[in-house]
Amino acid sequence: MDTQDPYDDPETPFIPTLAAKPRPTTKGRKLSRRTISTALACISLLGFGFILLKPSSHLDTQHVPSYSAAPNSLSYLQGPPTQRFRDNLRNDTKYITSFSSAGWTNDVMTYGNLIYLALLTERIPLIAKFLSSHIDSSEPPFAFGEIFDVPRLSQAIGIPVLEWHEVKDSESQVLDDLGGWSVWESVERYKEDPRPRASPIIDRLKLDISWTRAPDWVKLTPPDIIDDHASFWSLATLAFPQARSESLGLPNRPSPQRHLSLPPDDQLLCFDFLYFIAAQRPWEWEMDYSPAWRFVGQHMRWNATMEKLADAHARRAMNVPANEPVPPYISVHIRHGDFRDQCHGLPVDQCFASLSIIARRVSEVQEELRTHKGIEVTHVIMTSDESDPEWWSEVRALGWTWVDYATDRTEEIYGKWYPVFIDAIIQSNGAGFVGTRGSTMSNLALRRVQTWHNGPTRIVQWGWPGADDH
């Protein structure tokens, strides 16, 4: 496993002790070029999707017309999960996959990039489960569809979205051979011995992959700039015959178990790692034009079960009875944890923004809600990985609250994944949001609040005294 990447959120929230699908199968059909082209042309018009299943009264939701049924994803397979993945792929259909290995929020972005690349290449994405490497490696993987509403996503973007456990039996012990492209080895050519990006999910899927280094020209930035980003459209060309055939002679690594040297598969286009992918500039998910966000990410809405569970936790945090609507609140995400490593010897009280500075940003969001929406918001829900009890006491002194996962016995009842998921959902459902510079969890929360609820947002700067002065 590679060392932790910049912007890689460990995700684990601190838990303070202070009180405070079955679908019918039909005859398969080929995914047409016209269908996906139309989806790409129209998807921005569908930008905000459906309203939440039970939206809180304060949330601005965008009205959209009702849609016809979502694509029946399972009709793009031969049938139920098989022992070998290839036995379940349709001969008239092409697919695309990649793997996660960067912390949950970053993995969400990775799969957003994968699905966007599926749109560009007119293929069906196969999504693997999320790994718990940044939470507790003993926790089992978590399926994409257990946190996100896959039928709704598929409906919004106009193509099927498949999950690996729908394709290959999760209990299968059959080792499958596969050839793939290593993006990581290509963009990391500045290192002495660049290698394909490893992911434990590959072994869980019983895949034995022979990696071919992607062409140097997939790199987004000039060769002399040390950066790991690749270009969406450069990678997309490898899905088509000309660029693929011209690149097959690049260095190939035999598969680790059977030691087979295989060319990149054409039916199942496979890339090792798609987190560092952009269209125009690095860290593009931070930008309002981000195509991966606009065409895919904004449609990755929470599934109803997770939404209800987060709603219940938010109610308890604000002492709201179950029979009353959730009042408007401002969500706050403050990441400290491993960010201490970026203070470069500066005392943390000078490196990190103080709670008074964070409170100033909250006040700005409150004023914007008051001025532009006529909403008076007094509730503030804090989410953070900070472990200092004194810091949390100061949060309480501000009149703010947080989810008490220990009292709610959330991990005990549901598992260690759930505080991370519930934090993300609560952040996304704020009438406004305040986050931390450099945190991908904050960035996605900001995008969700802006896009889903038209809410005001702020990002707190840090790193030196006065960093957030403005």
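Because the structure is predicted, anything quoted here is derived from the model rather than measured.

A. Here's a closer look at the overall build of the protein chain. A count of helices and strands for the protein chain gives 17 helices and 13 strands. For the protein chain, the residues scored as buried account for 57% of the 470 residues in total. In the form shown here, the protein chain has an accessible surface area of approximately 19800 Å², with 52% of it arising from carbon and sulfur atoms.

B. Highlighting the sheet that holds strand S12 (residues 432-436). Strand order in this open sheet of four strands is S11-S10-S12-S13, and the pairing throughout is parallel. The open sheet is flanked by strand S11 (379-384) and strand S13 (457-460), the only strands paired with a single partner. Shown here is a sheet whose adjacent strand axes are inclined to one another by a mean of 15°, direction ignored. Pairing of strand S10 (residues 329-334) with S11 involves six bridges; the strand directions are parallel.

C. Quick peek at the packing of helix H10 (residues 304-318) against helix H16 (residues 418-428). As a packed pair, H10 and H16 sit with axes 9 Å apart at the nearest point and diverge in direction by 80°. As judged from the angle between their axes, H10 and H16 are roughly perpendicular. Between H10 and H16, the contacting residues are Met306, Glu307, Leu309, Ala310, His313 and Ala314 on the first element and Tyr418, Phe421, Ile422, Ile425 and Ile426 on the second. Class assignment of the residues belonging to the contact of H10 with H16 gives a composition of nine nonpolar, one polar and one charged.

D. Summary view of the pattern of salt bridges. Following the criterion strictly, the structure yields 24 salt bridges and no others. Aspartate 266 is the salt-bridge partner of arginine 123, the closest N and O atoms lying 3.5 Å from each other. Residue arginine 123 is located in the loop between helix H2 (104-121) and strand S2 (124-127), and its partner aspartate 266 is located in the loop between strand S7 (252-253) and strand S8 (268-270); the two are separated by 143 residues in the primary sequence. For arginine 123, a relative accessible area of 2% translates into the label buried. Look at aspartate 266 and you get partly exposed, because its relative accessible area is 31%. Here the residues in one salt-bridge network are Arg360, Arg361, Glu364, Glu368, Arg458 and Asp468, joined through shared partners.

E. Local environment of the side chain of serine 439. With respect to the helices and strands, the residue serine 439 is situated in the loop between S12 and helix H17 (440-453). The class of serine 439 is buried, set by a relative accessible area of 3%. A polar contact is formed between the side chain of serine 439 and the backbone nitrogen of methionine 441, at a distance of 3.3 Å.

F. Geometry of the confidence of the model for the protein chain. Averaged over all residues, the pLDDT of the protein chain equals 88, while 85% of them reach at least 70. Every residue in residues 1-7 scores below 50 in pLDDT, and together they form 22 contacts with partners more than four places removed in sequence or on other chains. Ignoring residues within four places in sequence, the model shows residues 40-69, a span with pLDDT below 50, making 61 contacts including any to other chains.

G. Region of interest: the sheet that holds strand S4 (residues 176-182). Pairing within the open sheet is mixed, and its three strands lie in the order S4-S5-S7. Strand pairing shows two members of the sheet lacking a second neighbour, S4 and S7, which therefore form its edges. Strand direction decides the pairing type here: strand S5 (residues 207-213) and S7, joined by two bridges, are antiparallel. Paired with threonine 212 across the bridge in S7 is asparagine 252.

H. Seen up close, the pairing of S5. Within S5, seven of the seven residues are buried, which leaves it mostly tucked inside the rest of the structure. The side-chain alternation of S5 yields two buried faces, one formed by Leu207, Ile209, Trp211 and Arg213 and the other by Asp208, Ser210 and Thr212. Pairing between S4 and S5: seven bridges, direction parallel. Among the inter-strand pairings, glycine 179 is bridged to a residue of S5, identified as serine 210.

I. Looking closely at the state of the cysteines. Per the stated rule, a full pass over the model turns up one disulfide. A sulfur-sulfur distance of 2.1 Å marks the disulfide that ties cysteine 343 to cysteine 351. On the sign convention where negative is left-handed, the bridge of cysteine 343 and cysteine 351, at about -85° about the S-S bond, is left-handed. Here the two residues cysteine 343 and cysteine 351 agree in accessibility, since each one is buried.

J. Main features of the environment of alanine 143. Note that alanine 143 resides in the loop between S2 and helix H3 (150-157). According to the relative accessible area criterion, alanine 143 is buried, its value standing at 6%. With 21 residues separating them along the chain, alanine 143 and tryptophan 164 place their C-alpha atoms 9.1 Å apart. Here alanine 143 is in contact with Lys129, Glu163 and His165, once residues within four sequence places are set aside.

K. Structural view of the nonpolar core. Core analysis: the largest hydrophobic core is formed by 97 residues, its most contacted members being Phe99, Trp104, Phe144, Ile147 and Phe271. Among the elements that make up this core, the one with the highest residue count is H2 (11 residues). Membership of the second largest hydrophobic core comes to 22 residues, among which are Ile358, Leu369, Trp392 and Val395.

L. Main features of unusual backbone geometry. The residue glutamate 122 is not glycine, and still its phi comes out positive at about 55°. With respect to the secondary-structure elements, glutamate 122 resides in the loop between H2 and S2.

What counts as what
- Residues numbered from 1 in each chain as written.
- Predicted model: local features only at pLDDT ≥ 70, side-chain atom pairs only at ≥ 80, totals over all residues.
- Heavy atoms only, no water.
- Helix = DSSP H or I, 4+ residues; strand = E, 2+ residues; numbered from the N terminus.
- Buried < 20%, exposed > 50% of the residue type's maximum accessible area, 1.4 Å probe, protein only.
- Areas by Shrake-Rupley, 256 points an atom, 1.4 Å probe, with all protein chains shown as cover.
- Pairing = 2+ DSSP bridges.
- Axes fitted to C-alpha atoms, helices over the stretch in contact; angles between N-to-C directions.
- Parallel < 35°, antiparallel > 145°, perpendicular 65-115°, else oblique.
- Contact = heavy atoms within 4.5 Å.
- Nonpolar A, V, L, I, M, F, W, Y, C, P; charged D, E, K, R; others polar.
- Salt bridge = Lys/Arg side-chain N within 4 Å of Asp/Glu carboxyl O.
- Polar contact = N/O pair within 3.5 Å; in protein donor to acceptor, adjacent residues only side chain to side chain.
- pLDDT = per-residue confidence, 0-100.
- Disulfide = S-S within 2.5 Å.
- Core = buried A, V, L, I, M, F, W, Y, C linked by side-chain atoms within 4.5 Å.

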